[in-house]
Amino acid sequence: MSNRYELNKNLAQMLKGGVIMDVTTPEQAKIAEEAGACAVMALERIPADIRAAGGVSRMSDPKMIRGIQQAVSIPVMAKVRIGHFAEAQILQAIEIDYIDESEVLSPADDLYHIDKTKFDVPFVCGAKNLGEALRRIAEGASMIRTKGEPGTGDVVQAVRHMRLINRQIREIQNTREDELFHTAKELQVPYELVRSVFETGRLPVVNFAAGGIATPADAALMMQLGAEGVFVGSGIFKSGNPAKRARAIVQAVTNYNDPVLLAELSEDLGEAMVGINEQEIELLMAERGI
Amino acid sequence: MKIGVLALQGGFAEHIAALNKLGIPCVEIRKKADFDDSLDALILPGGESTVVGKLLHQTELFDPIQERIQKEMPVWGTCAGLILLADTIVNEPNSYLRGIDLTVRRNAYGRQLGSFYTQEEFRGIGKIPMTFIRAPLIESVGKGVTPLSFYDGKITAAENDTILVTTFHPELTDDTRVLEYFLRKVKQQAIRPSA
């Protein structure tokens, strides 16, 4: 792998133990940075509003993203539609720090993801199982996140995806070495990546939790399940007191194993986002891109 | 010898892995109770300095750590850790823990596209691999601070009697020579008469 790919994986390593927050304006970006976000995701509408508005959802206006880049010193990420390599070229041109090829936006291609090896800027991609995660890595993703179910405030799918990915990793570790070729075939991924999981017991890139995280307890749950950090989308700016909730989630990710502190952090946060239960969802974003 | 690694956010696991490789006992520092007198030295890892700076206050680790730095506990800061130790940060009225008289500029090489890898001389060690991730720049150093390495004519590592700082990330490579350099500094400090 190239130097550039290593550097891109390295940036994700520096984000570990942190919270990446969705923001729609420079003002929100400043609130997020002030609250301790390790990066912000610049987008025009947060997932809950995308869900409410319906219609086609696309890459954000580069001018709006630039405004956010100028407002904060932390890394700025932005989303492109699955398979939309032209949107990715545009974000690379404005020197975005990380591109999220995201199921939150309307997919531009129902078959092919972006060939991410052709880009210098790093990509993070969603996955709901190990096969998806390794296919995205084979395509050049240098960071993975669970898909979860964005814009719902319901953590159940993020939990399901994180548990499944980690269970499949344990299964590979318990596989006989000469059966790994078959595992690669079953997962539809390159043998070398299966081999790497077998040897290291982890994904070859950093893995964050995303989709439906709304409280400090949700963040602690995901960290205890093995996430290396969390994305919080709608959970912060759809809540009663965004700054306070954001600070609490940041601290919960650092001290996810300290229930006494978590109890303090969970106090008086005001109203959480209302949320939609899994069964009430009409559009499953996690089903986009496999 | 026991080394504390500040584990609030960022690349702390990589420092711990390197210490484990050398068989040096170490502990993760996540809250005030973790930071006790048994520690001989502290490593401040890379990450986002704005995040770690805030968490230092929220976890009430700021004052005890600053006090130990003033009492000459050896500290190594990489990248964001350097920013926390710098006496002066360009374009910002406030600094964090302080302890080394130098002026640092955040994200001086630009965004992620400006991140790079190189190999350069490190004083007393030789040529070492250097990974720069959205790295800061040491613009100038004051009295009592010695530059240890350069890239493109700019200082990339420096030290005073007790503090070592690098704008790059030795912990992201397999090369542990900068860590060993720091451990020698810790040992020297242990035999010096205390301040």
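Residues numbered from 1 in each chain as written. Chains lettered and ligands numbered in written order. Predicted model: local features only at pLDDT ≥ 70, side-chain atom pairs only at ≥ 80, totals over all residues. Heavy atoms only, no water.

A. The interface of chain B and chain A, seen in detail. Taken residue by residue, the interface counts 33 residues in chain B and 36 residues in chain A. When the area that chain B buries against chain A is broken down by residue, the three leading residues are B:R111, B:Q112 and B:L113, summing to 26%. For the pair chain B and chain A, the number of links is 3 salt bridges. One salt bridge in this structure joins A:K16 and B:E14, with 2.6 Å as the shortest N-O distance. On the surface where chain B and chain A come into contact, there are 20 residue pairs in polar contact (both at pLDDT 80 or more). With 5 residues, the single largest contributor to the side of chain B that touches chain A is helix α2 (residues 49-58) of chain B. (Contact = heavy atoms within 4.5 Å. Buried area = accessible area lost by both parts, 1.4 Å probe. Salt bridge = Lys/Arg side-chain N within 4 Å of Asp/Glu carboxyl O. Polar contact = N/O pair within 3.5 Å; in protein donor to acceptor, adjacent residues only side chain to side chain. Helix = DSSP H or I, 4+ residues; strand = E, 2+ residues; numbered from the N terminus.)

B. Main features of the nonpolar core. Counting 109 residues, the largest nonpolar core has A:M143, A:M222, A:V230 and B:L56 as its most contacted members. The biggest single contributor to this core is helix α12 (residues 242-254) of chain A, with 6 residues. With near-sequence residues (within four places) excluded, A:M222 lies in contact with A:V155, A:A158, A:V159, A:M162, A:A209, A:I213, A:A227 and A:V230. Among the nonpolar cores identified, the runner-up in size contains 28 residues, and B:A7, B:I128, B:L179 and B:V186 belong to it. (Core = buried A, V, L, I, M, F, W, Y, C linked by side-chain atoms within 4.5 Å. Buried < 20%, exposed > 50% of the residue type's maximum accessible area, 1.4 Å probe, protein only.)

C. Layout of the pairing of strand β6 (residues 100-105) of chain B. For strand β5 (residues 86-89) of chain B and β6(B), the ladder comprises 3 bridges, and the chain directions are parallel. Across the sheet, the residue bridging to B:A86 is B:I100, located in β6(B). (Pairing = 2+ DSSP bridges.)

D. Looking closely at α12(A). With 13 residues, α12(A) should cover 18 Å at 1.5 Å per step; its first-to-last C-alpha distance of 19 Å lies within 8% of that length. For α12(A), every residue scored as buried is listed here: A:R245, A:A246, A:A248, A:I249, A:V250, A:Q251, A:A252, A:V253 and A:T254. (Expected span 1.5 Å × (residues − 1).)

E. Structural view of the state of the cysteines. Throughout the structure, instances matching the rule amount to 0 disulfides over all chains. Here B:C79 is not cross-linked by a disulfide; its sulfur's nearest cysteine counterpart is in A:C38, at 14 Å. Owing to a relative accessible area of 6%, B:C79 belongs among the buried residues under this scheme. (Disulfide = S-S within 2.5 Å.)

F. Structural view of the environment of B:R111. Take B:R111: it is sitting in the loop between β6 and β7 (116-122). Measuring from C-alpha to C-alpha, the distance between B:R111 and B:I133 comes to 8.8 Å, with 22 residues separating the pair along the chain. Those residues in contact with B:R111 that sit more than four places away from it in its chain are A:Q69, A:V76, A:E95, A:D97 and B:R134. Within the structure, B:R111 has its side chain in polar contact with the side chain of A:D97 (distance 2.9 Å).

G. Highlighting the packing of helix α2 (residues 26-35) of chain A against helix α4 (residues 62-71) of chain A. Residue and element names in this part refer to chain A. Between α2 and α4, the least distance of the axes is 9 Å, while the angle of their chain directions is 35°. In terms of crossing hand, the pair formed by α2 and α4 is right-handed. On α4, the residues touching P26, A29, K30 and E33 of α2 are G67, I68 and A71. When the residues that make up the contact of α2 with α4 are grouped by side-chain class, the tally is 4 nonpolar, 1 polar and 2 charged. (Axes fitted to C-alpha atoms, helices over the stretch in contact; angles between N-to-C directions. Left-handed = near helix turned anticlockwise from the far one by under 90°. Nonpolar A, V, L, I, M, F, W, Y, C, P; charged D, E, K, R; others polar.)

H. Looking closely at the pattern of salt bridges. All names here are of chain A. The final tally for this structure, using the stated rule, is 27 salt bridges over all chains. E228 is paired through a salt bridge with R202; the nearest N and O atoms lie 3.1 Å apart. Of the two residues, E228 is situated in the loop between α10 (216-224) and β8 (230-232) and R202 in the loop between α9 (191-200) and β7 (206-208); the sequence distance between them amounts to 26 residues. We classify R202 as partly exposed; its relative accessible area is 34%. Here the salt bridges do not stand alone but share partners, grouping K79, D100, E103 and R145 into one network.

I. Structural view of the sheet that holds strand β1 (residues 19-23) of chain A. Residues and elements named next belong to chain A. Spatial strand order, β7-β6-β5-β4-β3-β2-β1-β8: 8 strands in an open sheet with parallel pairing. The open sheet has two free edges, formed respectively by β7 and β8, since each of these has just one partner strand. For this sheet, the mean inter-axis angle between neighbouring strands, taken without regard to orientation, is 30°. Looking at chain direction, β1 and β8 are connected through 3 bridges and run parallel. Bridged to V19 within β8 is V230.

J. A look at the side chain of A:D218. Residue and element names in this part refer to chain A. Relative to the helices and strands, D218 is located in helix α10. No salt bridge is formed by the buried D218; its nearest oppositely charged neighbour, R245, is found at 7.2 Å. If near-sequence neighbours (up to four positions away) are discounted, D218 is found in contact with V155, G212 and I213. (Lys, Arg positive; Asp, Glu negative; His and termini not counted.)

K. Geometry of the layout of surface pockets. The computed volume of the largest pocket comes to approximately 540 Å³. Around the largest pocket, the lining comprises 19 residues; the ones closest to its centre are A:N10, A:Q13, B:E14, B:E171 and B:L172. Taken together, the elements giving at least two residues each to the lining of the largest pocket come down to α1 (3-15) of chain A together with α1 (12-21) of chain B. Taken together, the residues that form the lining of the largest pocket break down as 6 nonpolar, 4 polar and 9 charged. (1 Å grid on protein atoms, 1.4 Å probe; cavity = no way out; pocket = protein on both sides within 12 Å on 5 of 7 lines; lining within 4 Å. Points joined across faces, edges and corners; volume = space filled by probe spheres on them.)

L. Representation of the packing of α10(A) against α12(A). All names here are of chain A. Two elements in contact, α10 and α12, have axes separated by 8 Å at closest approach and are oriented at 25°. Between α10 and α12, the angle falls in the class roughly parallel. The hand of the α10/α12 crossing is right-handed. From α10, P216, A219 and M223 reach across to α12, where they touch A248, I249, A252 and V253. Tallied by class, the residues present in the contact of α10 with α12 amount to 7 nonpolar, no polar and no charged. (Parallel < 35°, antiparallel > 145°, perpendicular 65-115°, else oblique.)

M. Local environment of empty space enclosed by the protein. Counted according to the given criterion, the structure contains 5 cavities of 30 Å³ or more. What lines the largest cavity is a set of 21 residues, among which A:D22, A:P47, A:P150, A:G211 and A:G233 lie closest to the centre. Of the residues that constitute the lining of the largest cavity, the class distribution is 8 nonpolar, 8 polar and 5 charged. In this model, the second largest cavity occupies a volume close to 140 Å³. Lining the second largest cavity are 17 residues, with B:G47, B:E48, B:C79, B:N107 and B:R134 sitting closest to its centre.

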